[in-house]
Amino acid sequence: MTTRGVLYVHSAPRALCPHVEWAVAGVLGTRVNLDWIRQPAAPGTWRSEFSWQGEAGTASKLASALRGWHLLRFEVTAEPCPTAEGERYSCTPDLGIFHAVTGIHGDILIPEDRLRAALVRAQRDETDLEAEIAKLLGKPWDDELEPFRYAGEGAPVRWLHQVV
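Values in this document were obtained by computation on a predicted structure and should not be read as measured data. (Residues numbered from 1 in each chain as written. Predicted model: local features only at pLDDT ≥ 70, side-chain atom pairs only at ≥ 80, totals over all residues. Heavy atoms only, no water.)

### A closer look at the overall build of the protein
For step 1, the next point in the chain: Along its length, the protein carries five helices and seven strands.
For step 2, the next point in the chain: Shown N-terminal to C-terminal, the secondary structure of the protein runs as helices and strands in the order β-α-β-β-α-β-β-β-β-α-α-α.
For step 3, the next point in the chain: Scaling as 2.2 N^0.38, a compact globule of 164 residues should have a C-alpha radius of gyration of about 15 Å, and the protein matches this with 17 Å.
For step 4, the next point in the chain: Taken over the C-alpha atoms alone, the protein extends approximately 50 × 40 × 25 Å along its principal axes.
For step 5, the next point in the chain: Every one of the 164 residues in the protein was classed for burial, and the buried ones make up 40%.
For step 6, the next point in the chain: In the protein, of all internal contacts separated by at least 6 residues, the share reaching a separation of at least 24 is 62%.
For step 7, the next point in the chain: Carbon and sulfur atoms make up 54% of the accessible area of the protein, which totals about 9,400 Å².
For step 8, the next point in the chain: Treating the 17 positive side-chain charges of the protein as one cloud and the 22 negative ones as another, the clouds have centres 6 Å apart. (Helix = DSSP H or I, 4+ residues; strand = E, 2+ residues; numbered from the N terminus. Rg over C-alpha atoms; globule rule 2.2 N^0.38 Å. Buried < 20%, exposed > 50% of the residue type's maximum accessible area, 1.4 Å probe, protein only. Contact = heavy atoms within 4.5 Å. Areas by Shrake-Rupley, 256 points an atom, 1.4 Å probe, with all protein chains shown as cover. Lys, Arg positive; Asp, Glu negative; His and termini not counted. Charge placed at Lys NZ, Arg CZ, Asp CG, Glu CD.)

### Re the pattern of salt bridges
For step 1, the next point in the chain: Evaluated as defined, the whole model comprises 13 salt bridges.
For step 2, the next point in the chain: Here Arg88 makes a salt bridge to Asp142, at a shortest N to O gap of 2.5 Å. With Arg88 in strand 5 (residues 86-92) and Asp142 in helix 5 (residues 139-151), the pair connects residues that are 54 residues apart, well separated along the chain.
For step 3, the next point in the chain: What emerges from the salt-bridge pattern is a single network uniting Glu75, Arg88, Asp142, Glu146 and Arg149. (Salt bridge = Lys/Arg side-chain N within 4 Å of Asp/Glu carboxyl O.)

What follows is the structure in structure tokens.
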């Protein structure tokens, strides 16, 4: 079963750009040439967007291939398909990686065990419930990535759709 998604590279040093392309190509099994443009939110870095199509789980493989590269900010999304929920991965150098399951409208779906654990921590005064829910929704990642998203408005996107 196939799904579609988008890789958003929000910022990468120029020297890292070919490595990102090689990593994405390795996951997708095809040559990849990303259209890189300057990232005004972080001078000296570049950004790109790439629409992909692949098997369910491809977003996870892309995020795994790119995670841990210092100075790389990215997001990977996957649409839901009949065999899998949608997904969103966000990664920043300071926060690391965030993963969320998404529904058909793009809403983040939080498993009940994670909500129960957040409630227990808050009841034990180990944390603030509002802060816990913010983490479950990926707010710290959204806060850090928002200036990079905004700076990329109007950037070209390459759409890849399989012709049947």
